[in-house]
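Listed below are the residues making up each chain.
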Amino acid sequence: MAANSRLRDLAEERAQRDGIPLSLPPRVLCTDNGAMIAAAGYFHALREDFAPLDLDASASLPLEGRR
């Protein structure tokens, strides 16, 4: 949400209309989660910590704990 211009605008309008304080981080600090996933994958690859080829894809799998 934080990087989406339309959602930011709507949140700002609603907060101002309803008298709710709103604090949003600068857009430059709102990167896509893909960058975080790529960085995590990079460090796992450096350790040659690869998932088995039969791993089921699941959005709720933890990133840590597999060493």
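Everything that follows concerns the structure shown earlier in this document.
Residues numbered from 1 in each chain as written. Predicted model: local features only at pLDDT ≥ 70, side-chain atom pairs only at ≥ 80, totals over all residues. Heavy atoms only, no water.

Structurally, Asp49 can be placed in the segment after α2 (33–46). Judged by its relative accessible area of 14%, Asp49 is buried. Within the local environment of Asp49, its side chain forms a polar contact with the side chain of His44, the two groups lying 2.6 Å apart. (Helix = DSSP H or I, 4+ residues; strand = E, 2+ residues; numbered from the N terminus. Buried < 20%, exposed > 50% of the residue type's maximum accessible area, 1.4 Å probe, protein only. Polar contact = N/O pair within 3.5 Å; in protein donor to acceptor, adjacent residues only side chain to side chain.)

This part covers helix α1 (residues 5–18). For α1, with 14 residues, the first-to-last C-alpha span of 20 Å sits near the 20 Å given by 1.5 Å per residue. Turning to α1, its buried residues number three or more, namely Arg8, Ala11 and Ala15. For α1, the buried positions fall inside an angular range of 65° around the axis, keeping them on one side. Turned more than 90 degrees from where α1 packs its buried face, Arg6, Arg14, Gln16 and Arg17 sit exposed. Between a side-chain oxygen at the N-terminus of α1 and the backbone nitrogen of Arg6 the separation is 3.0 Å; the capping residue is Asn4. (Expected span 1.5 Å × (residues − 1). Arc of directions from axis to C-beta.)

Let us now look at the environment of Ala2. Within the secondary structure layout, Ala2 lies in the segment before α1. When the C-alpha positions of Ala2 and Ala39 are compared, they lie 20 Å apart, and in sequence the two are 37 residues distant. For Ala2, the contacting residues outside a window of four places in its chain are Arg8, Pro25, Arg27 and Cys30. (Contact = heavy atoms within 4.5 Å.)

What follows concerns the pattern of salt bridges. Counted according to the given criterion, the structure contains three salt bridges. The partner of Asp18 in a salt bridge is Arg14, and the shortest N-O contact between them spans 3.0 Å. Within this pair, Asp18 and its partner Arg14 are both found in helix α1, separated by four residues, close to a single helical turn. The class for Asp18 is partly exposed, based on a relative accessible area of 37%. Between Arg17 and Asp18 there is a salt bridge, with the nearest N and O atoms lying 3.0 Å from each other. Overall, Arg17 belongs to the exposed group, its relative accessible area being 60%. Several salt bridges converge on common partners, so that one network encompasses Arg14, Arg17 and Asp18. (Salt bridge = Lys/Arg side-chain N within 4 Å of Asp/Glu carboxyl O.)

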